[in-house]
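Remarks on the overall topology
Chain residues, written in single-letter form:
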Amino acid sequence: GAVVSQHPSRVICKSGTSVKIECRSLDFQATTMFWYRQFPKQSLMLMATSNEGSKATYEQGVEKDKFLINHASLTLSTLTVTSAHPEDSSFYICSARAVVAVNYGYTFGSGTRLTVV
Amino acid sequence: KQEVTQIPAALSVPEGENLVLNCSFTDSAIYNLQWFRQDPGKGLTSLLLIQSSQREQTSGRLNASLDKSSGRSTLYIAASQPGDSATYLCAVSLLAGNTPLVFGKGTRLSVIA
C-alpha cells in the first residue's frame, strides 16, 4: 500500500534555530502533500498544501516565511521551521494521497514531535 | 465552511463491550469519509474509507456507516479490547482531487481490562 515516510520522529532544538522535517512518498508519486500541526489533545489543523514544482498554499494565520515548504520532486516535501520558538513546539504530520490507489484514501507520515527549548 | 464534529469527546468502557463513535459534518457534498486511529504521540493509521456513494465499510471488528444526506457517520467497534484504546479521528474529503482532509477533534477511547 501507499506509504509516507516522515523524519525525524523527534527533534529538540534551541530557540532561534531552524529545523527541517522531511516527508517522502515511498511507493507512489505525490504531486500534492499536506502539512498539519497538532497541539496536545487537539485535532489536526492544516497548515499548508505543498505543490510539486510550485509555491505552497498556506492557511490563514500560518506564516509562510516562518514555515518554509519545498516540494522539489514528486516524492519529497520538506517543512522547515525557521527561527523556532517555544510556541512552535508541536506535533507536525504530513499527508499525501496516491491517486492511483484503489481506495483513494489519504496516507499519513508518522509525525514529528518538535520541542523548542 | 465544512465542520466535522465527533461525539463523545472521550469514552471509557469495559473490555468486551460493543461501542459506537459518532461523526457529523455540516456540508453533505463530500467525496469520501475516512476513519483514523491515532495512538499517543504517533501518526495516523487509516481504518476505513467510505466513498460518498457507499453506505458502509467493514474491516474485522470495525464497521463504519455513512449517511451522506444527513451528514453523519458512525464507527462501530465490536467486542472492544484494551488494544483498541486510542484516539479515533473522523475526516472528510470534499473533492475528488488533491484537497486536504477536514478533521474532527476525535474521540479518546479507553478500554479497561
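Structural notes, computed from the coordinates. Treat the numbers as computed from the prediction; the structure is a model and nothing was measured.

1. Brief notes about the sheet that holds strand β1 (residues 4-7) of chain B
Residues and elements named next belong to chain B. Pairing is antiparallel in the open sheet, where five strands are placed in the order β1-β3-β8-β7-β6. Both edges of this open sheet fall to β1 and β6 (56-59), since each of them pairs with a single strand only. Between one strand and the next, the sheet's axes are offset by a mean angle of 15°, whatever the strand orientation. Pairing between strand β7 (residues 62-67) and strand β8 (residues 72-77): six bridges, direction antiparallel. Considered in β8, the bridge of N63 is made with Y76.

2. Thoughts on the state of the cysteines
Residue and element names in this part refer to chain A. On inspection of all chains with the given rule, the structure shows two disulfides over all chains. Each sulfur in the disulfide pair C23 and C94 lies 2.0 Å from the other. Between C23 and C94 the sulfur-sulfur dihedral comes to about 85°; the bridge is accordingly right-handed. One end of the pair, C23, is in strand β3 (residues 19-25); the other, C94, is in strand β9 (residues 90-97), and 71 residues separate them in sequence.

3. Topic: the sheet that holds strand β7 (residues 67-73) of chain A
Residues and elements named next belong to chain A. One open sheet holds the four strands; their spatial order is β1-β3-β8-β7, and the pairing between them is antiparallel. The open sheet is flanked by β1 (4-7) and β7, the only strands paired with a single partner. Ignoring strand direction, the axes of neighbouring strands in this sheet form an average angle of 15°.

4. Topic: the interface of chain A and chain B
Across the boundary between the two partners, chain A contributes 20 residues, which contact 24 residues of chain B. Where chain A abuts chain B, roughly 1,700 Å² becomes buried across the two surfaces, and 52% of that area is made up of carbon and sulfur atoms. Between the two partners, chain A and chain B, sit zero salt bridges. If you look at where chain A meets chain B, you find six residue pairs in polar contact (both at pLDDT 80 or more). Counting only elements with at least two residues in the side of chain A that touches chain B, the list comes to β4 (32-38), β9 and β10 (106-108) of chain A. Of all the elements, β4(A) adds the most residues to the side of chain A that touches chain B, at four residues. Class assignment of the residues belonging to the side of chain A that touches chain B gives a composition of ten nonpolar, eight polar and two charged.

5. Here we look at unusual backbone geometry
Cis rather than trans, the peptide bond between A:H7 and A:P8 has omega equal to 10°. You can see A:P8 is positioned in the loop between β1 and β2 (10-13). Even without being glycine, A:K41 reaches a positive phi, approximately 60°. Given the relative accessible area of 71%, A:K41 is considered exposed. The backbone of B:A79 shows a phi angle near 45°, a positive value even though the residue is not glycine. Assignment of secondary structure puts B:A79 in the loop between β8 and β9 (86-93).

6. Let's talk about the side chain of A:R37
All names here are of chain A. You can see R37 is positioned in strand β4. Buried and without a salt bridge, R37 has D88 as its closest oppositely charged side chain, separated by 4.8 Å. Every residue in contact with R37, bar those within four places of it in the chain, is listed here: S43, L44, M45, M47, F67, S90, F91 and Y92.

About the cut-offs
- Residues numbered from 1 in each chain as written.
- Chains lettered and ligands numbered in written order.
- Predicted model: local features only at pLDDT ≥ 70, side-chain atom pairs only at ≥ 80, totals over all residues.
- Heavy atoms only, no water.
- Pairing = 2+ DSSP bridges.
- Helix = DSSP H or I, 4+ residues; strand = E, 2+ residues; numbered from the N terminus.
- Axes fitted to C-alpha atoms, helices over the stretch in contact; angles between N-to-C directions.
- Disulfide = S-S within 2.5 Å.
- Contact = heavy atoms within 4.5 Å.
- Buried area = accessible area lost by both parts, 1.4 Å probe.
- Salt bridge = Lys/Arg side-chain N within 4 Å of Asp/Glu carboxyl O.
- Polar contact = N/O pair within 3.5 Å; in protein donor to acceptor, adjacent residues only side chain to side chain.
- Nonpolar A, V, L, I, M, F, W, Y, C, P; charged D, E, K, R; others polar.
- Buried < 20%, exposed > 50% of the residue type's maximum accessible area, 1.4 Å probe, protein only.
- Lys, Arg positive; Asp, Glu negative; His and termini not counted.

Interpretation note: all reported values are geometric properties and have no functional meaning in isolation.
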